[in-house]
Amino acid sequence: MRAVKWRRALIGDMTKLSQLRDTHEHIFVPDRIADETDLNNDLERTFPGLSYSSEQLEPIKNILKVYANVNREIGYMQGMCFIAFVLYHTYSKDDLDHVVVDTYYSLTRLVGFIRPIYPIHDRDPKPTQFLDNMSKLIRLKILYKHPMLAGKLNNLDYIRTLIIRTAPALFANYFTMEDTKILWDYIIDGDIFENILSCYCAILVCNKEIYLHMNDEKIYTFILTPCFYRVASIVSAAYAFRS
């Protein structure tokens, strides 16, 4: 059921899905990409608690190589491995015959929501602008419900740091595979970008006592420590921020 809902939300109805599946043979897997060394390193350390053989990793690697080849202006970026892993793991349990093409198109859709965070070149101003605008939106959403917390978050660096750490992997680097799926069930259901914003609001609100009462050093340590985050509480709180 989860895989069916995700495909419908990320790819489209059965007509669209069938069309993409029928034409996927035209997708070319390059022999090598510019960022292949980074990709290989990331494959080995994505969800370290799970065990994958080289044969199991190969299709995920090929999906990411295709994405990097099609989107050469950004290529492969750290975090994409986590997104591909979660999608592949979910779809493989439902339809192994089409898992590669379904994962590729779903990856493309999800990365589209966070793509502005990836710099195209060293002086690209868009990632900074994206971070600033996203941080302001998150703080504004919090302001109406938690004005004291929003006051503390006037220092947007807290929010920026949280986004930089989690957005490239769409939170998957901060949770287990199964917890990530639970969080994505919420994110994928409806307006995906708005739901991502709501998740950030929920993460901040669920831990508001830390932001309100601790000093900068402890706050940044907390932001950088994944084990403090509890997915059930975050999803519950996120629903309060839905528009």
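Just above sits the structure.
So, how was this worked out
Residues numbered from 1 in each chain as written. Predicted model: local features only at pLDDT ≥ 70, side-chain atom pairs only at ≥ 80, totals over all residues. Heavy atoms only, no water. Axes fitted to C-alpha atoms, helices over the stretch in contact; angles between N-to-C directions. Helix = DSSP H or I, 4+ residues; strand = E, 2+ residues; numbered from the N terminus. Parallel < 35°, antiparallel > 145°, perpendicular 65-115°, else oblique. Left-handed = near helix turned anticlockwise from the far one by under 90°. Contact = heavy atoms within 4.5 Å. Nonpolar A, V, L, I, M, F, W, Y, C, P; charged D, E, K, R; others polar. Salt bridge = Lys/Arg side-chain N within 4 Å of Asp/Glu carboxyl O. 1 Å grid on protein atoms, 1.4 Å probe; cavity = no way out; pocket = protein on both sides within 12 Å on 5 of 7 lines; lining within 4 Å. Points joined across faces, edges and corners; volume = space filled by probe spheres on them.

One can describe the packing of helix α3 (residues 36-45) onto helix α4 (residues 54-70) by two numbers: an axis separation of 11 Å at closest approach and a directional angle of 140°. With respect to each other, α3 and α4 are oriented oblique. Taken as a pair, α3 and α4 cross one another with a handedness that is right-handed. Residues E36, L39, N40, L43 and E44 of α3 form the contact with α4, whose own contacting residues are L57, I60, K61, L64 and K65. Each residue belonging to the contact of α3 with α4 can be placed in one class, and the counts come to five nonpolar, one polar and four charged.

Our focus in this paragraph is the pattern of salt bridges. As enumerated under the stated definition, the model contains 15 salt bridges in all. The closest approach of N and O atoms between D102 and R21, which form a salt bridge, is 2.7 Å. Taken together, the residues D102 in helix α6 (residues 99-114) and R21 in helix α2 (residues 14-23) connect sequence positions 81 residues apart. For the salt bridge of E36 with R32, the shortest nitrogen-to-oxygen distance reads 4.0 Å. Each of R7, R21, D94, D95 and D102 takes part in salt bridges that share partners, so that together they form one network.

Now for the side chain of T103. Residue placement: T103 occurs in helix α6. For T103, the residues in contact, after removing those within four places along its chain, are I63, A84, L87, Y88 and Y91.

A volume near 230 Å³ is recorded for the largest pocket. For the largest pocket, the lining is made up of 13 residues, of which Q78, G79, F82, A169 and N173 are closest to its centre. Elements supplying a minimum of two residues to the lining of the largest pocket: α3, α5 (80-92) and α9 (157-166). In terms of residue class, the lining of the largest pocket is made up of six nonpolar, four polar and three charged.

Keep in mind these values describe shape, not function.
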